[in-house]
Amino acid sequence: MPAIHYGASRIELQADESVLQALIRSGIDTPYSCESGCCQTCMLQAEDGELPAESQASLIGKLRSQGYFLPCVCHPQTDIYLRSEEADNIYQVTHLIEKTIYNSEVCRLRLARPTGFDYQAGQFINVRSPDQKQLIRSYSLSSLASEDDYLEIQVRLKRNGKLSSQLYNSATAGDKFEIQGANGNCFYQSESQQSLLLIATHTGIAPLFGLLRQAIAQGHLGQVFVYYGSREIEGLYLLPELQALAQQHSNVNITACLSNLEASLTDESTAVRRGRANDLAFAEHPQLQGYDLYLCGNAEMVKAAQMQGFMVGAGMDRIFTDPFEYKELRKTARE
Amino acid sequence: MTDSLFDRLGGEAAVNAAVDIFYRKVLSDPSINEFFDSTDMAGQHSKQKSFLTMAFGGPNNYSGKDLRAAHAPLVERGLNDSHFGAVAGHLQATLQELDVAANLIDEVMSIAGSTHDDVLNI
């Protein structure tokens, strides 16, 4: 079996084990989160060895050519020699400009945009605080590079969330952070006349909001259908801003969806529908040939919607996803 | 000068036109869809592209050994002749749906058929 060389250590890979699993098994404290090749938290740099295509596929060319890879999806056939100092050069310093609390779970953070930091609305960044470099989490960008001089993320306070609790509860203007990115392919890349279907749950609305603004800024002419889902009405924190966009642009259609069928509605006329966002979306758009789909939020919803959308005619390469995969914090994995 | 089968079919564009149609047929077929891992659709889709490229006579890196190794876990789960036939049937139906000439379909089915023993680990 091939081995991983990390500093003075030599770790022989066990059968079916990823590089990340081998490092963790050997007690090496290396950051990770989704363990499925999405968030890029675990990214490491190899100095030598053959990196399988899958372990670099989602990285930009510049990083690939420097030997960066994702150890969680790396099953090498040869020995791999890791750079043992941290690859600090890919993180850039920023600071918090403004924090707004939306509701009991969600806050909006606006960070200073580092010089030359380029991104597409809907991509995500990896965020850490300078004194806890191992604590890295991914957040999707809701700002628009052409209009905003800040980077905006919307953070949901997770139960036992290490970084989200810091950001929601204690982060204040001036606090320094380090960010890496932007990553991901869930950003506006449609033809102007195309019909678009956007489906989001909870803070999945953040990247889609940015994406929607980008579509509008680029003069998108086709119909845009947004299905925004939450369990409770309080969770639809971005609805006013979305409805404002719909009022200004006749091709933008917003449907708010409450999945908790017993949730009470204070005002029945606010056009909030009952049901899951993806179920309502596919019921109202049973045929999706020629549509582009943008799916963000709960990982199960995103995967199910990807399948549903594909089976009713959306092209596989026209379905863009940003699944929010949360780090497994339990000591024993879920079944 | 004779063009290769792959060229005559339309090359990569033909693969792209076929893959979504083919993959939908496979996923809709309850007799075989359990063999297709639905947790990584993009990855599976990519494998379908590779398979079609090979079946269309296009460039591929599959060796008989690769096909055996890739399908061995499925054979252990019961992959058999009827499943192979079902997939082949969907491939044929896809090409017919795309109005591909009958003689070209025959060539593709011949290549696909040649993988039979490797896929079923016979």
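Residues numbered from 1 in each chain as written. Chains lettered and ligands numbered in written order. Predicted model: local features only at pLDDT ≥ 70, side-chain atom pairs only at ≥ 80, totals over all residues. Heavy atoms only, no water.

Caption draft 1: Seen up close, the sheet that holds strand 17 (residues 319-324) of chain A. Residue and element names in this part refer to chain A. Taken in spatial order, the 6 strands of this open sheet run 15-14-13-12-16-17, and their pairing is parallel. Of all strands in the sheet, those with a lone pairing partner are strand 15 (272-274) and strand 17, marking the two edges. Neighbour-to-neighbour, the strand axes of this sheet turn through a mean angle of 15°, independent of strand direction. Pairing of strand 14 (residues 252-258) with strand 15 involves 3 bridges; the strand directions are parallel. Of the residues in strand 15, the one forming a bridge with A256 is V272. With respect to the sheet, helix 4 (residues 205-217) is in contact with strand 12 (195-201), strand 13 (224-230), strand 14, strand 16 (291-298) and strand 17, its orientation differing from that of strand 12 by roughly 155°. Against the sheet, helix 5 (residues 239-248) makes contact with strand 13, strand 14 and strand 15, and its axis sits at roughly 155° relative to strand 14, the strand it touches most. (Pairing = 2+ DSSP bridges. Helix = DSSP H or I, 4+ residues; strand = E, 2+ residues; numbered from the N terminus. Axes fitted to C-alpha atoms, helices over the stretch in contact; angles between N-to-C directions. Contact = heavy atoms within 4.5 Å.)

Caption draft 2: Representation of the nonpolar core within the structure. In this structure, A:L197, A:I199, A:Y227, B:L52, B:F56 and B:L91 are the most contacted members of the largest nonpolar core, which totals 55 residues. A total of 8 residues in this core trace back to one element, the largest contributor, which is helix 2 (residues 11-28) of chain B. In this view, B:F56 contacts B:L5, B:F6, B:L9, B:A14, B:V15, B:A18, B:L91, B:L95, B:V108 and B:I111; residues no more than four positions away in its chain are not counted. If you look at the next biggest cluster of nonpolar residues, it comprises 30 residues, including A:Y188, A:L196, A:F209 and A:F320. (Core = buried A, V, L, I, M, F, W, Y, C linked by side-chain atoms within 4.5 Å. Buried < 20%, exposed > 50% of the residue type's maximum accessible area, 1.4 Å probe, protein only.)

Caption draft 3: Broad picture of the packing of aromatic side chains. Enumeration according to the criterion identifies 6 aromatic pairs over all chains in this entry. Here the aromatic rings of A:F117 and A:Y119 are separated by 6.1 Å at their centres, their planes lie at 45°, and the arrangement is tilted. Neither residue differs from the other here; A:F117 and A:Y119 are each classed as buried. Residues B:F22 and B:F51 carry aromatic rings whose centres are separated by 5.7 Å and whose planes lie at 35° to one another, so their mutual orientation is tilted. (Phe/Tyr/Trp six-rings, centres within 6.5 Å; stacked < 30°, edge-to-face > 60°.)

Caption draft 4: Examining the environment of A:A200 more closely. All names here are of chain A. Within the secondary structure, A200 is located in strand 12. Sequence-wise, A200 and D16 are 184 residues apart; in three dimensions their C-alpha atoms are separated by 34 Å. Contact partners of A200, with chain neighbours within four places excluded, come to I205, L208, Y227, Y228, G229, A277, C296 and M301.

Caption draft 5: Expanded view of helix 6 (residues 277-284) of chain A. Of all the residues in helix 6 of chain A, the buried ones are A:A277, A:N278, A:L280, A:A281 and A:F282. In this structure, the buried side of helix 6 of chain A is in contact with strand 12, strand 13, strand 14, strand 15 and helix 7 (299-311) of chain A.

Caption draft 6: Representation of the pairing of strand 3 (residues 44-48) of chain A in the model. Residues and elements named next belong to chain A. Sheet topology places strand 3 next to strand 4 (residues 68-69); 2 bridges connect them, and they run antiparallel. For Q45, the partnering residue across the bridge sits in strand 4 and is Y68. The pairing of strand 3 with strand 5 (residues 80-82) spans 2 bridges and is classified as antiparallel. Residue D48 lies in a different strand from strand 5, and its bridge partner there is Y81.

Caption draft 7: Highlighting the interface of chain B and chain A. Of the residues lining the interface, 10 residues belong to chain B; the matching set on chain A comes to 9 residues. Between chain B and chain A, roughly 860 Å² of surface is buried when both sides are summed, and carbon and sulfur atoms account for 72% of that area. Of all residues in chain B, the largest losses of buried area upon contact with chain A belong to B:D20, B:R24 and B:M41, amounting jointly to 57% of the total for that side. One can count 0 salt bridges joining chain B with chain A. The tally of links between chain B and chain A comes to 4 residue pairs in polar contact (both at pLDDT 80 or more). When residues of the side of chain B that touches chain A are traced back to their parent elements, those giving at least two are helix 2 and helix 3 (41-55) of chain B. Grouping the constituent residues of the side of chain B that touches chain A by class yields 4 nonpolar, 4 polar and 2 charged. (Buried area = accessible area lost by both parts, 1.4 Å probe. Salt bridge = Lys/Arg side-chain N within 4 Å of Asp/Glu carboxyl O. Polar contact = N/O pair within 3.5 Å; in protein donor to acceptor, adjacent residues only side chain to side chain. Nonpolar A, V, L, I, M, F, W, Y, C, P; charged D, E, K, R; others polar.)

Caption draft 8: How the structure looks around the environment of A:I125. All names here are of chain A. Checked against the element boundaries, I125 lands in strand 8 (residues 124-129). For I125, a relative accessible area of 0% puts it in the buried group. Not counting residues up to four positions away in its chain, the partners in contact with I125 are L111, F117, R137, S138, Y139, L141, I153, I179, Q180 and A182.

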